[in-house]
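# A look at the structure
Below, each chain spelled out in residue letters.
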Amino acid sequence: IGGQQVDDYTYKYLRDEKVDGQDCFVVESYPKDKNSGYTKVVTWVDKQHYRTLKADFYDRKKSHLKTLDAKDFQLYQDKFWRPNEMEMVNHQTGRSTVLKQSNVKFKVGLADGDFTQNSLKRAHWVPTIQAVPQSEASLLHGFFVSIKTTKATDVFIAPFFNKFTPLEDESL
């Protein structure tokens, strides 16, 4: 999950508004890239910590496509705010996805060299996305993102174990 690059968009302040009781700036951003999948994004940014609490995405036909809601923020190392839960709702299909993260850690000893193509090929990694019944999700250890869609009964787990933290049971 990545953020947008500031220089890749133009911005327009729309208004002040509250989201979940928090005072926010409402800002509209337009991609400079004409091939972008979105024509604009309306974002609610809380005034106190500058966290994105909500974002509405508009498709190339300028129709409201998706809404992202970020919740349960946690402060790490006294400077990094991260949401523990994000929900994306597709208004055109009626489907939604919830991303939950836990056990987030910073500065765990990884270097830039650990992410080169050659290093990643040599490392023993857990499959990128693995379907796990909800009853077994608690068996996984380490940082993971659980994804539950409105059309599925399983929770999908995307473990991001670094090569220094092997799984105890590689059969999962």
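Cut-offs applied
Residues numbered from 1 in each chain as written. Predicted model: local features only at pLDDT ≥ 70, side-chain atom pairs only at ≥ 80, totals over all residues. Heavy atoms only, no water. Helix = DSSP H or I, 4+ residues; strand = E, 2+ residues; numbered from the N terminus. Buried < 20%, exposed > 50% of the residue type's maximum accessible area, 1.4 Å probe, protein only. Contact = heavy atoms within 4.5 Å. Areas by Shrake-Rupley, 256 points an atom, 1.4 Å probe, with all protein chains shown as cover. Salt bridge = Lys/Arg side-chain N within 4 Å of Asp/Glu carboxyl O. Patch = residues over 30% accessible without salt bridge, like charges linked within 9 Å, V, L, I, M, F, W, Y side chains within 5 Å. Pairing = 2+ DSSP bridges. Phe/Tyr/Trp six-rings, centres within 6.5 Å; stacked < 30°, edge-to-face > 60°.

## Considerations on the overall build of the chain
Each helix and strand counted, the chain has one helix and 10 strands in total. Along the chain, from the amino end to the carboxyl end, the secondary structure elements read β-β-β-β-β-β-β-α-β-β-β. Here the chain holds 172 residues, and the buried ones make up 31% of them. For the chain, long-range pairs separated by at least 24 residues make up 33% of all intrachain contacts whose partners lie at least 6 apart in sequence. By element, 50% of the accessible surface of the chain is carried by carbon and sulfur atoms, the whole surface being about 11,700 Å².

## Remarks on the pattern of salt bridges
What the rule picks out here adds up to six salt bridges. Between K18 and D23 there is a salt bridge, and its shortest N-O distance comes to 3.0 Å. A salt bridge links K71 to E87, with the shortest nitrogen-to-oxygen separation between them at 3.9 Å. Taken as a pair, K71 in strand β5 (residues 64-76) and E87 in strand β6 (residues 80-90) lie far apart in primary sequence, 16 residues in all.

## Quick word on the environment of F57
Tracing the backbone through its elements, the reader meets F57 in strand β4 (residues 52-58). Given a relative accessible area of 13%, F57 falls into the buried group. For F57 and V41, which are 16 residues apart along the polypeptide, the C-alpha to C-alpha distance reads 4.6 Å. Among all residues touching F57, those that are not within four sequence positions of it are Y38, K40, V41, S63, H64, L65, K66, L68 and M88.

## Considerations on a nonpolar patch on the surface
Taken together, the side chains of V108, L110, F115 and L120 present a nonpolar region at the surface, about 330 Å² in accessible area. The residue L120 is located in helix α1 (residues 117-122) in this model.

## Notes on the pairing of β5
As paired elements, β4 and β5 share five bridges and run antiparallel to each other. Bridge pairing in β5 places A55 opposite L68. In textbook terms, the turn of a hairpin is the stretch between consecutive antiparallel strands, and for β4 and β5 this stretch comprises five residues, one of which, K62, has a positive phi near 65°. The pairing of β5 with β6 spans 10 bridges and is classified as antiparallel.

## Examining the side chain of N90
Relative to the helices and strands, N90 is located in strand β6. Among residues more than four places away in sequence, those in contact with N90 are L65, K66 and R95.

## Quick word on the packing of aromatic side chains
Overall, the coordinates contain five aromatic pairs when judged by the stated rule. Note on Y38 and F57: the rings are 5.0 Å apart at their centroids and 45° apart in plane angle, and the pair reads as tilted. Remark: F57 occurs in strand β4 and Y38 occurs in the loop between β2 (22-31) and β3 (40-46); sequence separation between them is 19 residues. By relative accessible area, which is 25% here, Y38 ends up partly exposed. On the basis of an interplanar angle of 5° and a centroid distance of 4.8 Å, the ring pair of F80 and F106 is categorised as stacked. A residue pair is termed long-range when its members are at least 10 positions apart, and F80 in strand β6 and F106 in the loop between β7 (96-102) and α1 qualify at 26 residues.

## What to know about the environment of V41
Tracing the backbone through its elements, the reader meets V41 in strand β3. V41 gets classed as buried once you look at its relative accessible area, which sits at 5%. The spacing of V41 and T67 is 26 residues in sequence and 9.5 Å in space, taken between C-alpha atoms. The contact partners of V41, leaving out residues within four places of it in the chain, are V27, E28, S29, A55, D56 and F57.

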